[in-house]
Amino acid sequence: MVFRCVNTRHPLNQFRDEMDRLLSGVAEYTATAGLWPRTSRGQRAVNLWEEGDTLNVELEVPGLSSDQVDISVVAGELTIELNRPGSKEEGVLFHRRERWFGEIKRVLRLPFDVDADRVLAELHDGVLKITLPKAENAKPRKISIASVS
């Protein structure tokens, strides 16, 4: 007795599945290797790193002044709001307009509690730097061990 395996799937479905598999592997590789930024158009790229008892954030905001930036820390999230008003040229025909304008909001989940009263922010040469000190409850504490006789 001879058994034949007959593929009942449509070739286009097979092709789609293979392309999905191939592209998902490429997307995972590039995301972990840092080859493609994970920000969408208009979204500002952010660097976030921990150094000692502080969390540091850097964000490029070229051409913005401090009154166009709003920063808040609430419930374990850092919110950065940027507002660049658009130009209002009358009778101008743009052939290319790539510089962003309008409002952008980034919300970053913080990896630990921060002391919101001691957050520092400075804007220098188009780079916004935010320093978030750890809250006392987020700092490691040495636990003493009592010996029981």
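The structure displayed is predicted, hence computed values, not measured ones.

## With respect to unusual backbone geometry
At step 1: Here alanine 75, not a glycine, exhibits a phi torsion of approximately 50 degrees, which is positive.
At step 2: On the secondary structure map, alanine 75 appears in the loop between strand S3 (69-74) and strand S4 (77-84).
At step 3: The exposure class assigned to alanine 75 is exposed, which follows from its relative accessible area of 71%.
At step 4: Within the chain, aspartate 125 stands out as a residue other than glycine whose phi angle is a positive 55 degrees.
At step 5: Under the relative-accessibility criterion, aspartate 125 is labelled exposed at 71%.

## So, the layout of surface pockets
At step 1: Size it by volume and the largest pocket reaches roughly 190 Å³.
At step 2: Considering the residues around the largest pocket, the lining is formed by 13 residues, among which Arg84, Ser87, Arg97, Arg99 and Trp100 are closest to the centre.

## Here we look at the confidence of the model for the protein chain
At step 1: Here the protein chain shows a mean pLDDT of 80. Residues at 70 or above account for 81%.
At step 2: Mean pLDDT values over the elements of the protein chain span from 69, in helix H1 (residues 11-33), up to 95, in strand S7 (residues 127-133).
At step 3: The low-confidence segment residues 35-41, where pLDDT is below 50, has 8 contacts with residues more than four positions distant or belonging to other chains.

## Some details on the pattern of salt bridges
At step 1: In this structure the tally under the stated criterion is 3 salt bridges.
At step 2: With its nearest N and O atoms 3.0 Å apart, the salt bridge here joins lysine 134 to glutamate 50. In this pair, lysine 134 is assigned in the segment after S7 and glutamate 50 in strand S1 (residues 46-51), connecting sequence segments 84 residues apart.
At step 3: Taking relative accessible area as the criterion, lysine 134 reaches 10% and is therefore assigned buried.
At step 4: A residue is classified by how much of its surface remains accessible, and glutamate 50, at 45% relative accessible area, is partly exposed.
At step 5: With a shortest N-O distance of 3.4 Å, aspartate 115 and arginine 118 are connected by a salt bridge.
At step 6: Arginine 118 gets classed as partly exposed once you look at its relative accessible area, which sits at 45%.

The rules we used
- Residues numbered from 1 in each chain as written.
- Predicted model: local features only at pLDDT ≥ 70, side-chain atom pairs only at ≥ 80, totals over all residues.
- Heavy atoms only, no water.
- Helix = DSSP H or I, 4+ residues; strand = E, 2+ residues; numbered from the N terminus.
- Buried < 20%, exposed > 50% of the residue type's maximum accessible area, 1.4 Å probe, protein only.
- 1 Å grid on protein atoms, 1.4 Å probe; cavity = no way out; pocket = protein on both sides within 12 Å on 5 of 7 lines; lining within 4 Å.
- Points joined across faces, edges and corners; volume = space filled by probe spheres on them.
- pLDDT = per-residue confidence, 0-100.
- Contact = heavy atoms within 4.5 Å.
- Salt bridge = Lys/Arg side-chain N within 4 Å of Asp/Glu carboxyl O.

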